[in-house]
Amino acid sequence: MILAVSEAPDYAFPNSAKDESRRLELLEQRLDPLTKRRIQRLGVGQGARCLEIGGGRGSITRWLSEVAGPAGHVVATDVQIGFLSEMDAANIEVLRHDVRTGTFPPGSFDLIHTRAVLMHISPSVDLLHRMVTWLAPGGWVVLEEPDFGMWIGDADPVWAAAPPSTQAAFPALALSQGRLLLRQVHQLGLEDVGADAEIDIIQAGTDLAEFYQLSQAALAGPKVQAGALSLEQATALIDRPGDDDFLACGFVHIGVWGQRPPAQ
């Protein structure tokens, strides 16, 4: 089924869409273990001041509130805060905030984290550097972004049409943001820089296949409206991960991290 998108025209996935909560739940199921492993390496713990940019449905915000404990504080931001507003932990603060225009005082946080946010805004190095100024000396930034490179190169011609048609409907979308972070992170004045990646291999009948089908259903209306796909092509793209013979590449989930140099 093709879902109509009636709000947030510059964003692919408005909270009000019928299946958006389920789509985000499946994304959390796939990515939360990876995000937690990345952050746990850095030694973030009790008393930490954390900023979660693009908090989505709130799973990592809730986890960070437990990591930081009663002495810590977690600020969760998004341009859509409907899902986040349901959280009531004493150390969580929810803000409607657009990272492109909003700001925080320098040195406010010990951890700044984003996931699948920057791909929608194609950030400049200057924007990322401004985010780094919000870190306290010794604080960490963790940036996680999907990359479409393997998906674009997939051997299934129907499936490989998904990324370029999405970009045609949403021109600000950065198909190579994950790879770009590997270069940008070295331009931010950080120490102890690191990176890793995991790839999605999608098989019919799995939760991951359901996530991709729901994503394509949400995107279908804008793609048809933009002339990127016909209705028949958009429907075929939604249906393809459900076929018994489907086994294909999806996102490569690239993460980078680095530490603001401690005060001298």
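Refer to the preceding data block for the structure.
Since this is a predicted model, take the numbers as computed values, not measurements. (Residues numbered from 1 in each chain as written. Predicted model: local features only at pLDDT ≥ 70, side-chain atom pairs only at ≥ 80, totals over all residues. Heavy atoms only, no water.)

Caption draft 1: Quick peek at the environment of alanine 234. Structurally, alanine 234 is set in helix H9 (residues 231-239). Considered as a pair, alanine 234 and glycine 221 are 13 residues apart in the sequence and their alpha carbons are 8.3 Å apart. (Helix = DSSP H or I, 4+ residues; strand = E, 2+ residues; numbered from the N terminus.)

Caption draft 2: Here's a closer look at the packing of aromatic side chains. Counted by the stated rule, this structure contains 11 aromatic pairs. Here the aromatic rings of phenylalanine 104 and phenylalanine 109 are separated by 5.3 Å at their centres, their planes lie at 85°, and the arrangement is edge-to-face. When sorted by exposure, phenylalanine 104 lands in the same class as phenylalanine 109, which is buried. Note on tryptophan 159 and phenylalanine 246: the rings are 5.2 Å apart at their centroids and 80° apart in plane angle, and the pair reads as edge-to-face. (Phe/Tyr/Trp six-rings, centres within 6.5 Å; stacked < 30°, edge-to-face > 60°. Buried < 20%, exposed > 50% of the residue type's maximum accessible area, 1.4 Å probe, protein only.)

Caption draft 3: The arrangement of a nonpolar patch on the surface in detail. Taken together, the side chains of Met150, Ile199, Ile201 and Leu247 define a hydrophobic patch exposed on the protein surface, amounting to about 380 Å² of accessible area. Mapped onto the elements, isoleucine 199 comes out in strand E6 (residues 191-203). For isoleucine 199, a relative accessible area of 36% gives the class partly exposed. (Patch = residues over 30% accessible without salt bridge, like charges linked within 9 Å, V, L, I, M, F, W, Y side chains within 5 Å. Areas by Shrake-Rupley, 256 points an atom, 1.4 Å probe, with all protein chains shown as cover. Salt bridge = Lys/Arg side-chain N within 4 Å of Asp/Glu carboxyl O.)

Caption draft 4: Representation of the nonpolar core. Counting 35 residues, the largest nonpolar core has Phe148, Trp151, Trp159, Ile202 and Tyr212 as the members making the most contacts within it. For this core, the secondary-structure elements that each account for two or more residues are helix H1 (20-40), helix H6 (162-169), helix H8 (207-225), H9 and strand E7 (247-259). Per element, the largest residue contribution to this core is nine residues, and it comes from H8. Ignoring anything within four residues of it in the chain, the contact list for tyrosine 212 reads Trp151, Trp159, Asp200, Ile202, Gly250 and Phe251. Membership of the second largest hydrophobic core comes to 25 residues, among which are Ile121, Met131, Val185 and Leu188. (Core = buried A, V, L, I, M, F, W, Y, C linked by side-chain atoms within 4.5 Å. Contact = heavy atoms within 4.5 Å.)

Caption draft 5: Quick look at H8. Across its 19 residues, H8 extends 28 Å between first and last C-alpha, which sits within 8% of the 27 Å expected from 1.5 Å per residue. Roughly 40° is the biggest bend found in H8, and it falls at leucine 219, with proline proline 222 one to four residues downstream. Judged by how many residues are buried, H8 sits mostly within the fold: 14 of 19 residues are covered. Just downstream of H8, glycine 227 is the residue with a positive phi angle, here 80°. (Expected span 1.5 Å × (residues − 1). Bend = angle between axes of the 7 residues up to and from the residue.)

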